[in-house]
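A look at the structure
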Amino acid sequence: MGSLFQKIVCRDCGNEMPPDLTRVRCTQCGSKWLNAIYDYKTTAQLWPQAVKERDADLWRYEELLPTRGEHITMGEGWTPLVRAYKLQRELGLSHVFIKDERQSPTGSFKDRQGALVVNIIRQQGINECVLASTGNKAAAYAAYCAKADIRLWIFLTSMVPNEKLRELALYGAEVVKIAGTYEQAKKIAHDFAKRRNLYYDAGIAGIPGREGLKTIAFEIAEQLSRHFPLENGKWCVPDWYIQAVSGGIGPIAIRSGFYQLLQAGLIDRMPKLGLIQVEGCSPMVTAWERDWEEAEAITPRTRITVLATGDPGVGYKILRAACKEDGGTMIAVSDGEAFRAMRRLARTEGISMEPAAAVAFAGLEKLTQEGYIDPDEIVVVNCSGHTFPAEKHILEDQYVLDLELGEQNIAPSVSPATQIEEGLGAALERLDEQVTTIVVIDDNPHDSRLIRRLLQSHKNYRVFEANNPIDGLDLVRHRKPDMIVMDLTMPDMDGFNMLNALKSDPETANIPVMVISAKTLSPNDRERLSKAHSIWQKGNFNTRELVDRVVEVLGNDQIDSEVSQTVQVVSSVDLELPKRPDRKRVLVVDDNRRDARLVKRILEANQNYTVYESYSAQEALDALHEVGPQLLILDLLLPDAPGEALLDEIRSIPDYENIPVIVFTAKSLNDAENDFFRDRNVPIWKKGELDRQELVRNIDKMINR
Ligand SMILES: [Zn+2]
């Protein structure tokens, strides 16, 4: 029948909004906590019969999912609900079931979240995503993003085991390791996404993630009904649903699934939640035992990293209310109890699980011993996952970026909060350098290593080497580097053809290429290399010169500081000069910072211009008032508005009716688009075919008209 997604309702103020998943905040109160609402009545009439005929994955519940149309899938959902006969006998219980989420595509229940989120952002045209994770969510997102061609940046704490990091790198994700807490990793990830205008995963607050996870509740009810058929056509609900808790998104989402079934009349009561934390990180349990309304953040001390969320935030409040309403509870178990439960489940039920899942089983044991669970009650435990270690030798070096929150340079008089803030800021600056990526392609490993060492001895860049053109092209397409340094004479494909291949692929056409060659070049050779950024003769250049050129091309801060130093020296002589009154002001609007910087460098090099950068339409509109630009250089693919719309909006402002505009884009325009700009007298410059001198000449002409 398709999705019966009807509307979005704000959890905090009850405001109703249309079912638009690009909305992240309540239009009335600004709350980020929004719930999806469906047509439950139609669902209730349809489901008991209809779902039986459908595929064994979570998409069988399409009426209560917020997405339509084609989706990518790896068969997520519909994991087995296994009766644990030996375990229930050992515990003196009658009905213990294990929801075996290990049998998900990446081995954890977070695949449901990953599948929904990635499908929805893919439908929105997003192709780059940032998230912070304690582990399992990262693996799920990495796998689905790989399948959906979405570039993924994952920020993890250094507590996450290397096996996990390798698994993520294997999926092609960019992995950034933060030497700090999960909360700090989240903050850095968030700022990183903001600086680069990338989609940031909202985690617990986002609708798609929760709507994916809730399908566990649907499955449990449908599957239990095969064991305990009810006469009135309703589905069976467990008395207890038990799960380990970190930030709380899992149990919150799963409870919402049961709640939707209750609203549809498909079940007649709610299960009690048994929420288990690990003692070294149990802020929710502490608050629950003391009957606090809010949980206090703590610093995690547990070896079970997947559960190491020290600040439960809003998650606790929601789960507390749920436990009070339905009769659930929160308890803590030790790392040791969890590891013992892990061994017991492997030996008795043949289930090898991750330590985080074992926490739930240790919790089951404790809840039984302490008399919470009656012998006849039906219990379902979420076996949330297990891990697959990835083999180290199949990955390149540097599969992970190490980011230290160096606080040692900050004066001790600064308050701790400011210290952390400044530490994060400095770390982000360093990260900009660290994520700057260079691919070196040279069939002589000795030479490529030399170039790599040379670059890395001066800058903290990431440098990848390939020793033949095929691997080189593969590496370039996968890593999308900021620069390529390339040999000319190689087996299989020579540098000329390689350069052509790179320049004719729109994905790689804009990456600057430096050619380093042992061959003496004829004028004809040079002609064929005209699309290269620069050509260097092996054995014929000063190494420092090469590094300087790389740094310059990559738009490094060192260049900026040289510029500002020059200004300072001059300004002591003439106080008017810093304002550069004789310089024309140009505003570059481009969400690709490297492109914006490239234009800035070209124009500022000729001393006549001061160039300001904006990375989105909104920033550009803000900048108009601050900068008062005399010319605009506009990319068409902006994150928040089409360039055409921005152009018309700017020219509708009285002071800017006649502002000269140049379009600078990687996009190929169709006839209608070409006409649009011709009508407005706007020339179009293709990013791949930039002729610097001509650009400057044209701008001179346009601005002095
Ligand atoms: Zn609201």
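Each remark here, short or long, concerns the structure printed above.
Residues numbered from 1 in each chain as written. Predicted model: local features only at pLDDT ≥ 70, side-chain atom pairs only at ≥ 80, totals over all residues. Heavy atoms only, no water.

Description of the overall build of the chain
Operational definition: We count a stretch as a helix when DSSP gives it H or I for four or more residues in a row; a strand needs E for two or more, and each element gets its number in order from the N terminus. Accessibility here uses a 1.4 Å probe with only protein chains present; expressed as a share of the type maximum, an area under 20% marks a residue as buried, one over 50% as exposed, and anything in between as partly exposed. In this description, contact between two residues means that some pair of their heavy atoms is separated by no more than 4.5 Å.
Within the chain, the secondary structure is distributed over 25 helices and 24 strands. Here the chain, with 705 residues, has 54% of them falling under the buried criterion. Residue pairs in contact within the chain that sit at least 24 positions apart in sequence constitute 68% of those at least 6 positions apart.

Quick look at the sheet that holds strand β24 (residues 684–686)
As a reminder of what qualifies: We treat two strands as partners when DSSP finds at least two bridges between them. Angular values range over 0 to 180 degrees, each being the angle between N-to-C directions of two axes fitted as lines to C-alpha atoms, with helices fitted over their stretch in contact.
Here five strands make up an open sheet; going across it, the order is β21-β20-β22-β23-β24 and the pairing parallel. Of all the strands in the sheet, just β21 (609–614) and β24 have a single pairing partner and so form its edges. For this sheet, the mean inter-axis angle between neighbouring strands, taken without regard to orientation, is 20°. Pairing between strand β20 (residues 584–589) and β21: six bridges, direction parallel.

Observations concerning the coordination of the zinc ion
Quick reminder of the rule: Metal donors were taken as nitrogen, oxygen and sulfur atoms no farther than 2.8 Å from the ion, or 3.2 Å where the ion is Na, K or Ca. Water is excluded, so coordination may look unfinished. Here a site with four donors is tetrahedral if all angles are between 85 and 135 degrees, and a site with four or six donors is square planar or octahedral if opposite donors are over 155 degrees apart and the other angles are between 65 and 115; anything else gets the irregular label.
Protein ligation of the zinc ion involves Cys 10 (SG), Cys 13 (SG), Cys 26 (SG) and Cys 29 (SG), the donor distances falling in the range 2.3 Å. Here the zinc ion is ringed by four donor atoms whose angles at the metal span 105 to 114°, and the overall shape comes out tetrahedral. We note that the donor set of the zinc ion lies within a single chain, spaced as C-x2-C-x12-C-x2-C. Accessibility expressed as a relative area gives 3% for Cys 10, which makes it buried.

As for unusual backbone geometry
Located in the positive-phi region is Asp 149, a residue other than glycine, with phi close to 60°. By the element assignment, Asp 149 lies in the loop between α4 (136–148) and β7 (151–157). Even without being a glycine, Asp 291 presents a positive backbone phi close to 55°. Among the structural elements, Asp 291 can be located in the loop between α10 (283–289) and α11 (314–326).

Concerning the side chain of Arg 452
Spelled out, the test is: For this analysis, a polar contact is any N or O atom pair within 3.5 Å, provided that within protein one partner can donate a hydrogen and the other can accept it, and provided that sequence-adjacent residues contribute only side-chain to side-chain pairs.
Along the chain, Arg 452 falls in helix α15 (residues 445–458). A polar side-chain atom of Arg 452 sits 3.0 Å from a polar atom in the side chain of Glu 465.

Regarding the sheet that holds strand β19 (residues 534–537)
Read from one edge to the other, the open sheet built from five strands follows the order β16-β15-β17-β18-β19, with strand pairing classed as parallel. Each edge of the sheet is formed by a strand with only one pairing partner; in this case those strands are β16 (462–466) and β19. Between one strand and the next, the sheet's axes are offset by a mean angle of 20°, whatever the strand orientation. Sheet topology note: the strand β15 (residues 437–441)/strand β17 (residues 483–487) ladder contains four bridges and is parallel. Following the sheet pairing, Ile 441 is matched in β17 by Met 486. In the packing of helix α16 (residues 469–479) onto the sheet, the strands contacted are β15, β16 and β17, and the crossing angle to β16 comes to about 150°.

Regarding the pairing of strand β1 (residues 5–10)
Alignment of β1 against strand β3 (residues 34–38), held across five bridges, turns out to be antiparallel. In the sheet register, Lys 7 faces β3, and the bridge partner there is Ile 37. Taken together, the two bridges between β1 and strand β2 (residues 16–17) define a ladder with antiparallel strand orientation. Of the residues in β2, the one forming a bridge with Val 9 is Glu 16. The hairpin formed by β1 and β2 contains five residues between the paired strands, and Gly 14 there has a positive phi angle of roughly 80°.

Observations concerning the packing of helix α1 (residues 40–50) against helix α9 (residues 249–264)
Selection rule: Comment on the angle field: the value is read as roughly parallel under 35 degrees, roughly antiparallel over 145, roughly perpendicular from 65 to 115, and oblique elsewhere. Amino acid classes used here: Ala, Val, Leu, Ile, Met, Phe, Trp, Tyr, Cys and Pro are nonpolar; Asp, Glu, Lys and Arg are charged; the rest, including Gly, are polar.
For the pair α1 and α9, the least separation of the axes is 8 Å and the interaxial angle reads 85°. For the element pair α1 / α9, the angle class is roughly perpendicular. Residue-level inspection shows Tyr 40, Ala 44 and Trp 47 of α1 in contact with α9, the latter providing Gln 260, Leu 261, Gln 263 and Ala 264. A class-by-class count of the residues in the contact of α1 with α9 yields five nonpolar, two polar and no charged.

Quick word on the pattern of salt bridges
The test is simple: We define a salt bridge as a contact between a side-chain nitrogen of Lys or Arg and a carboxyl oxygen of Asp or Glu at a distance within 4 Å.
What the rule picks out here adds up to 33 salt bridges. Its salt-bridge partner being Glu 337, residue Lys 366 comes within 3.6 Å of it at the nearest N-O pair. Here Lys 366, found in helix α13 (residues 355–369), pairs with Glu 337, found in helix α12 (residues 335–349); they are 29 residues apart in sequence, far enough to count as distant. In this structure Lys 366 comes out as buried when scored by relative accessible area, which is 18%. Residue classification places Glu 337 among the partly exposed residues on the basis of a relative accessible area of 26%.

A word on the packing of aromatic side chains
Basically, it comes down to this: Two rings belonging to Phe, Tyr or Trp (six-membered ring only in the last case) form a pair when the distance between their centres is within 6.5 Å. Interplanar angles under 30 degrees mark stacking, angles over 60 mark edge-to-face geometry, and anything in between is tilted. A ring is considered to have a charge above it if a Lys NZ or an Arg CZ atom is located within 6 Å of its centre and within 35 degrees of its normal.
Applying the stated criterion across every chain yields a total of 11 aromatic pairs. With 5.1 Å between their ring centres and 55° between their planes, Trp 47 and Tyr 61 make a pair best called tilted. Here Trp 47, found in helix α1, pairs with Tyr 61, found in the loop between α1 and β4 (81–83); they are 14 residues apart in sequence, far enough to count as distant. Neither Trp 47 nor Tyr 61 differs from the other in exposure class; each is buried. By way of ring pairs, the aromatic residues Trp 47, Tyr 61, Phe 218 and Trp 235 are connected into one cluster. The aromatic ring of Trp 33 is capped on one face by Arg 11, whose charged end is 5.7 Å from the ring centroid. It is Lys 137 that lies over the ring of Tyr 141; its NZ or CZ is 5.9 Å from the centre.

Focus: the side chain of Asn 136
Note on placement: Asn 136 falls in helix α4. You can call Asn 136 buried: its relative accessible area is 5%. At 2.9 Å, the side chain of Asn 136 and the side chain of Glu 354 are in polar contact. Excluding residues within four positions of it along the chain, Asn 136 makes contact with Ser 108, Lys 110, Lys 164, Val 306 and Glu 354.

Structural notes on the environment of Thr 309
Structurally, Thr 309 can be placed in the loop between α10 and α11. Distance in space between the C-alpha atoms of Thr 309 and Gly 247 is 5.8 Å, their sequence separation being 62 residues. If we skip the residues at most four places from it in the chain, Thr 309 touches Thr 134, Tyr 182, Glu 183, Ser 246, Gly 247, Cys 281 and Pro 283. There is a polar contact of 2.5 Å between the side chain of Thr 309 and the side chain of Ser 246.

Comments concerning the nonpolar core
The line we're drawing: Working definition of a nonpolar core: buried Ala, Val, Leu, Ile, Met, Phe, Trp, Tyr and Cys residues. They are joined through side-chain atoms within 4.5 Å.
Core analysis: the biggest nonpolar cluster contains 65 residues, and Trp 47, Leu 224, Trp 235, Phe 258, Leu 261, Leu 319 and Met 330 have the highest contact counts within it. At seven residues, α9 tops the list of elements feeding residues into this core. Discounting residues that sit within four places of it in the chain, Leu 261 has contacts with Trp 47, Ala 217, Phe 218, Ala 221, Trp 235, Leu 266 and Ile 267. Listed in part, the 35 residues of the second largest apolar core include Ile 242, Ala 244, Val 333 and Leu 364.

Re helix α6 (residues 182–195)
Put simply, the rule is: What a helix is expected to span follows from its residue count: subtract one and scale by 1.5 Å.
End to end, α6 covers 20 Å across 14 residues, agreeing with the expected 20 Å (1.5 Å per residue, within 8%). Turning to α6, its buried residues number three or more, namely Tyr 182, Gln 184, Ala 185, Ile 188, Ala 189, Asp 191, Phe 192 and Ala 193. Of the residues one or two after α6, Asn 197 is the one with positive phi, at around 60°.

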